[in-house]
Amino acid sequence: MGTQAPSDYNDSKVDTRTAEEKAIDAWLPITSSRNAKWWYSAFHNVTAMVGAGVLSLPYAMSELGWGPGVTVMIVSWIITLYTLWQMVEMHEMVPGKRFDRYHELGQHAFGEKLGLWIVVPQQLIVEVGVDIVYMVTGGKSLQKVHELVCNRDDCANIKLSYFIMIFASVHFVLSHLPNFNSISGVSLAAAVMSLSYSTIAWGASVKKGVQPNVDYGYKAHSTAGTVFDFLSGLGEVAFAYAGHNVVLEIQATIPSTPDKPSKIPMWRGVVVAYIVVALCYFPVAFIGYWMFGNAVEDNILMSLNKPTWLIVMANMFVVVHVIGSYQIYAMPVFDMLETVLVKKLRFRPTWYLRFVTRNIYVAFTMFVGITFPFFGGLLGFFGGFAFAPTTYFLPCIMWLAIYKPRRFSLSWIANWICIIFGILLMVLAPIGGLRSIIVQAKTYKFYN
């Protein structure tokens, strides 16, 4: 596709950074360590992608229906694998330089200022949005565990807000791990958990069997309601396929030489990750919808209560997984915040600067999660508004801008198909998600 042989970013022949810049890069979380193996790529990508979104896929199917739902699921898997391949290829397209961050690639494609304004707001919305949703997911899963193991007559009813705080307390500790490689153990555990709870979700659904009077028709009783639900379902699917926002940052941790560029081990890890994604997503989405129809909850585990021990275990697996996922998405945000503070505002790169910055971020996501715990609506809104651009079509636009494939060639056609599909998602999905939030907010009591 016209990519050029890469050279290592830290090669002394091409490295023009000052001693101060090298010291800062060695401190920042994305560029501080480059000794990751290909399997790091696999489980980081699984952790980044298979998150809260997989649990909402049966609900998304109930909003989309069998035909559109299956089509959107499969098309999304193919398109996002293609756009992820593009990003892996573009990481080292310029000899002697590595695009370690999404916005650096955007600046190369669109110019220094425009690239920054196009990519950074969208990437921040995605990463902060995911962390907020994961705060809600972790809290709800802990609350579900409490309900299942505790006798209603003996136990006090504890607010969701408190469970979100319990979940957040873990991140006030883990967020101080310095870089991607330092969270590899957490990420590996999270990747294993994602496969485990996905298997439990569809396995327990099969055990429960097709429910009496199951209905595969649309839940809404009005045409407007059906249309809005359909749009929200599109956003929930888009949310599920959202690992691209951290893919360049993950690749930045892999060593690279002219003989062994980082794209080779990175792509190997991505292929393994996408096989795991298929094994998680398709059975959960299709079997969950088949068994429960349009009565399925927006989190499939909430529809399952028996066997109790298995559902308790699945919810605890979810908690462990979203702990890892939160950190994967938080690390690029930490990198952005620390880069601005150190390079722009000239703060000294110290442990207490990192301590204060990261604690404030965790507290912020916890506060927003407690204030707006609308799981399904948040997925639909964030999925369409920001995930569709950064995952479905922004890599394609960059590819067209940089490589300029011949008009009506296979590459040109493929990229434009992805762009059109992604733009439709971006425009339509947030409408459904926002309506869902508004409907739930009518009866919601804050900090209940």
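By convention here, each chain's residues receive numbers from 1 onward along its written sequence. Predicted model: local features are reported for residues with pLDDT of at least 70 only, side-chain atom pairs are reported and counted for 80 or more only, and whole-chain, interface and lining totals are derived from all residues. Hydrogens and water are ignored here; the side-chain numbers use all heavy atoms of the structure.

### A closer look at the overall build of the chain
The way it works is that DSSP assigns letters per residue, a run of H or I at least four long becomes a helix, a run of E at least two long becomes a strand, and they are numbered from the N terminus. Within the chain, the regular secondary structure consists of 16 helices and zero strands. Surface summary for the chain: the accessible area is close to 18300 Å², and the carbon and sulfur share equals 68%. Note that accessible areas follow from Shrake-Rupley with a 1.4 Å probe, and for residues the cover is restricted to the protein chains shown.

### With respect to the packing of helix H7 (residues 112–149) against helix H14 (residues 351–371)
One can describe the packing of H7 onto H14 by two numbers: an axis separation of 8 Å at closest approach and a directional angle of 60°. Comparing their axes, H14 and H7 come out oblique. For the pair H7 and H14, the sense of crossing is right-handed. Between H7, through Glu 127, Val 128, Asp 131, Ile 132, Met 135 and Val 136, and H14, the contact on the second element is made entirely by Tyr 361, Val 362, Phe 364, Thr 365, Met 366, Val 368 and Gly 369. To define axes, lines are fitted to C-alpha atoms, for helices over the stretch in contact only, and angles between the resulting N-to-C directions are given on a 0 to 180 degree scale. For classification purposes, angles smaller than 35 degrees are called roughly parallel, those larger than 145 roughly antiparallel, those between 65 and 115 roughly perpendicular, and all remaining angles oblique. Two helices that cross are described as forming a left-handed crossing if the nearer one is turned anticlockwise from the farther one by less than a right angle, and a right-handed crossing if clockwise. We call two residues in contact whenever any of their non-hydrogen atoms come within 4.5 Å of each other.

### Some thoughts on the pattern of salt bridges
Every case where a carboxyl oxygen of Asp or Glu lies within 4 Å of a side-chain nitrogen of Lys or Arg is listed as a salt bridge. The full count for this structure, using the stated rule, is six salt bridges. Between Glu 104 and Arg 101 there is a salt bridge; the shortest N-O distance is 2.9 Å. Categorising residues by exposure relies on relative accessible area from a 1.4 Å probe, with only protein chains included: less than 20% of the type maximum marks a residue as buried, more than 50% marks it as exposed, and the intermediate range marks it as partly exposed. With relative accessibility at 7%, the residue Arg 101 sits in the buried group. Note that Glu 338 and Arg 358 form a salt bridge whose closest N and O atoms lie 2.9 Å from each other. Highlighted residues: Glu 338 in helix H13 (residues 308–344) and Arg 358 in helix H14, separated in sequence by 20 residues. Comparing Glu 338 with Arg 358, the two get one shared label, buried. When salt bridges that share partners are traced, they join Arg 101, Glu 104 and Asp 335 into one network.

### Description of helix H12 (residues 263–292)
Take the number of residues in a helix, subtract one, and multiply by 1.5 Å to get its expected span. Between its terminal C-alpha atoms H12 stretches 42 Å, which fits the 44 Å expected from 30 residues at 1.5 Å a residue. Looking at the residues trailing H12, positive phi occurs at Gly 293, about 60°.

### Some thoughts on the packing of helix H5 (residues 66–90) against helix H10 (residues 223–240)
Close contact between H5 and H10 brings their axes to 10 Å; oriented N to C, the two are set at 30°. Classified by the interaxial angle, the pair formed by H5 and H10 is roughly parallel. Considering only the axes of H5 and H10, their crossing is right-handed. Of H10, the residues touching H5 (which contributes Pro 68, Val 72, Met 73 and Ser 76) are Phe 230, Leu 234 and Val 237. Each residue is assigned to one of three groups, with Ala, Val, Leu, Ile, Met, Phe, Trp, Tyr, Cys and Pro labelled nonpolar, Asp, Glu, Lys and Arg labelled charged, and all others, Gly among them, labelled polar. Partitioned by chemical class, the residues of the contact of H5 with H10 number six nonpolar, one polar and no charged.

### Observations regarding the side chain of Ser 76
Its location among the elements puts Ser 76 in helix H5. On the basis of relative accessibility, which here comes to 0%, the residue Ser 76 falls in the buried class. In terms of polar contacts, Ser 76 uses its side chain to reach the backbone carbonyl oxygen of Val 72, at 2.8 Å. Distance and chemistry together define a polar contact, namely a pair of N or O atoms within 3.5 Å, with one atom able to donate a hydrogen and the other to accept it when in protein, and with adjacent residues in sequence counting only for side-chain atoms on both sides.

### A look at the nonpolar core
Put simply, a nonpolar core is a bunch of buried Ala, Val, Leu, Ile, Met, Phe, Trp, Tyr and Cys residues held in one set by side-chain atoms that sit within 4.5 Å of each other. Met 73, Val 237, Tyr 241 and Tyr 281 are the most contacted members of the largest nonpolar core, which has 123 residues in total. In contact with Val 237, other than residues within four places in its own chain, are Leu 57, Ala 60, Leu 64, Val 72, Met 73, Ser 76 and Tyr 392. Counting six residues, the second-largest nonpolar core is a separate cluster that includes Ile 24, Trp 27, Leu 28 and Leu 353.

### A word on the environment of Tyr 274
By the secondary structure assignment, Tyr 274 is in helix H12. Judged by its relative accessible area of 2%, Tyr 274 falls in the buried class. Excluding anything up to four places from it in sequence, Tyr 274 contacts Met 49, Trp 77, Thr 80, Leu 81, Leu 84 and His 244. Here the side chain of Tyr 274 touches Thr 80 through a polar contact of 2.8 Å, side chain to side chain.

### Side note on the packing of aromatic side chains
The pairing test for Phe, Tyr and Trp rings, Trp by its six-membered ring, is centres within 6.5 Å, and the orientation test on the planes gives stacked under 30 degrees, edge-to-face over 60, and tilted for anything in between. All told, the structure shown has 18 aromatic pairs when counted by the stated rule. Look at Phe 334 and Tyr 361: their rings are 5.5 Å apart centre to centre, the planes differ by 85°, and that puts the pair in the edge-to-face class. Note that Phe 334 is positioned in helix H13 and Tyr 361 in helix H14, a separation of 27 residues in sequence. One exposure class covers both Phe 334 and Tyr 361, and it is buried. Charge-over-ring contacts are defined here by two conditions on Lys NZ or Arg CZ: a distance within 6 Å of the ring centre and an angle within 35 degrees of the ring normal. Over the ring of Trp 27 we find Arg 354, and its NZ or CZ is 4.2 Å from the ring centre.

### Describing the environment of Asn 179
Residue placement: Asn 179 occurs in the loop between helix H8 (160–174) and helix H9 (184–208). Asn 179 gets classed as buried once you look at its relative accessible area, which sits at 11%. Sequence separation between Asn 179 and Trp 27 is 152 residues, and the spatial gap between their C-alpha atoms is 9.0 Å. Apart from residues no more than four positions distant in its own chain, Asn 179 is found in contact with Pro 29, Ser 32, Ser 33 and Met 331.

### As for the state of the cysteines
To count as a disulfide, a pair of cysteine sulfur atoms needs to be within 2.5 Å. Summed over the entire model, instances satisfying the criterion amount to zero disulfides. Among the cysteines around Cys 396, which has no disulfide bond, Cys 418 carries the closest sulfur, lying 4.1 Å off. Owing to a relative accessible area of 0%, Cys 396 belongs among the buried residues under this scheme.

### Digging into the side chain of Thr 371
Summarising the element assignment, Thr 371 is placed in helix H14. The class of Thr 371 is buried, set by a relative accessible area of 7%. Here Phe 367 takes part through its backbone oxygen, which lies 2.7 Å from a polar atom of the side chain of Thr 371.

### A closer look at the confidence of the model for the chain
pLDDT is defined as a per-residue confidence score from the predictor, taking values between 0 and 100. Summing up the model confidence of the chain, the mean pLDDT is 83 and the portion of residues at 70 or higher is 89%. Taken element by element, the predicted model of the chain shows its lowest mean pLDDT in helix H3 (residues 52–55) (74) and its highest in H8 (93). Scored below 50 in pLDDT, residues 1–13 makes 34 contacts in the model with residues more than four places away or belonging to other chains.

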